[in-house]
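Analysis of the macromolecular model
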Amino acid sequence: MKKILAIAMVLCMVLALAPVSFADGGLVGVAMPTQDLQRWNQDGANMKEQLEAAGYEVDLQYAANDIPTQVSQLENMIANGCKALVIASIDGSALGTVLAQAKEAGIPVIAYDRLIMDSDAVSYYATFDNWLVGVKQGEYIESALDLANAGDKTFNIEYITGDPGDNNINFFFDGAMSVLQKYVDAGTLVCPSGQVATLKDDGSYDKAVVATANWATDAAQSRFENILASFYADGTQLDAVLASNDSTALGVANALESSYTGEWPVITGQDCDKPNMPNIVAGKQAMSVFKDTRTLASKVVEMVDALMKGAEPPINDTETYDNGVLVVPSFLCEPVVGTVDNYIELLIDSGYYTMEDIAG
């Protein structure tokens, strides 16, 4: 009997010292930039729910768009023994030191939706095809205004994108302009304010004049109120606004509501945010690019699962996302255009929202 007990005690000690496997769970750190935008609340909630359902303990933190706060949160995650980090960065170039700590500790890092720049500690990247997001926005404007058949007709357009610290604006905006630039060059699209992104020799755009700090709705609204007062108060028609996401599109719509008397322009967007849906239903925002965060969260759970098992995570792109140090292996989910014609099927029938969620 004593021998059996001794063996049992040894087995218990061995099991206690055994490395954590996926089946045993483990602590995963999830760092989100802010709770000020609806999409990050959804991303964080979806990530936590699916990781916990897969057997993980989750440390989910929001950093209030404050870089030192996010760095501190990541330092704590590392110190607390996280086995993997999923990071949606505030500024993709501001995490070098803390990520070096993660690499030294052997902790894999998955950049979530926003590519982390200038670091060799980034293991993988999970996002939607952000170039395609921009292409869909550009194609929508092209189709809605029938630019291909415009002839000598001209259309007035204004531009607004997001935070300059978010590398995604390069994909969103440049993807859209890959469709629209030929109409700018032909004089079919004209920007009365002159606030345009400058095409550089390398084919990218200098977006400083059309950027919006923190993707903030109030900043977008203030800028467009000035544009409308300065360039459209005389009755000049605004035909289109290339807005990279819904929070900036909402600022544009708010400005138009307060001071614009012409025919409502085509306004693009992204994320199908709840505050924007009444505008989409009413035809005031023409479209939004829907990125189902449940799909992205599910893919990240698969990636974490593979990493914890010592396997290769699923990836489908090994060429596009160069962070300045390395090309980061990535998985790209496909975005979908949402409009007044398909929002019920896309958002309600799929269970993403209820009708009450998007009631104006």
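For the structure, see preceding data.
Quick look at the structure, then. (Residues numbered from 1 in each chain as written. Predicted model: local features only at pLDDT ≥ 70, side-chain atom pairs only at ≥ 80, totals over all residues. Heavy atoms only, no water.)

Considerations on the pairing of strand β13 (residues 330–333)
Both faces of β13 are covered, namely the face carrying S330 and L332 and the face carrying F331 and C333. As paired elements, strand β5 (residues 124–128) and β13 share 4 bridges and run parallel to each other. Bridge pairing in β13 links A126 to F331. (Buried < 20%, exposed > 50% of the residue type's maximum accessible area, 1.4 Å probe, protein only. Helix = DSSP H or I, 4+ residues; strand = E, 2+ residues; numbered from the N terminus. Pairing = 2+ DSSP bridges.)

Digging into the sheet that holds strand β3 (residues 84–87)
The 6 strands lie next to each other as β2-β1-β3-β4-β5-β13, forming an open sheet whose pairing is parallel. Whereas interior strands pair on both sides, the edge strands pair on one side only; in this sheet they are β2 (57–62) and β13. Along the sheet, successive strands turn relative to each other by an average axial angle of 15 degrees, direction set aside. Docked against the sheet, helix α2 (residues 38–53) engages β1 (27–32), β2, β3 and β4 (109–112), running at close to 170 degrees with respect to β2. Lying on the sheet, helix α10 (residues 293–308) is in contact with β1, β3, β4, β5 and β13; it crosses β5 at an angle near 165 degrees. (Axes fitted to C-alpha atoms, helices over the stretch in contact; angles between N-to-C directions. Contact = heavy atoms within 4.5 Å.)

Some thoughts on the packing of helix α5 (residues 130–144) against helix α6 (residues 168–185)
One can describe the packing of α5 onto α6 by two numbers: an axis separation of 7 Å at closest approach and a directional angle of 35 degrees. When you trace α5 past α6, the crossing you get is right-handed. Here N130, W131, V133, G134, V135, Q137, G138, E139, I141 and E142 of α5 lie close against α6, whose contacting residues are N168, F171, F172, D174, G175, A176, S178, V179, L180, K182 and Y183. For the contact of α5 with α6, a count of residues per class yields 10 nonpolar, 7 polar and 4 charged. (Left-handed = near helix turned anticlockwise from the far one by under 90°. Nonpolar A, V, L, I, M, F, W, Y, C, P; charged D, E, K, R; others polar.)

Considering the packing of aromatic side chains
For the structure on display, the rule yields 7 aromatic pairs. Here F171 and Y321 contribute two aromatic rings whose centre-to-centre distance is 4.7 Å and whose plane-to-plane angle is 40 degrees, an arrangement assigned as tilted. Linking F171 in helix α6 with Y321 in the loop between α10 and β13, this pair joins segments that are 150 residues apart in sequence. Note on Y321: relative accessible area 1%, which makes it buried. (Phe/Tyr/Trp six-rings, centres within 6.5 Å; stacked < 30°, edge-to-face > 60°.)

So, to be careful, I would describe these as geometric facts and stop short of saying anything about function.
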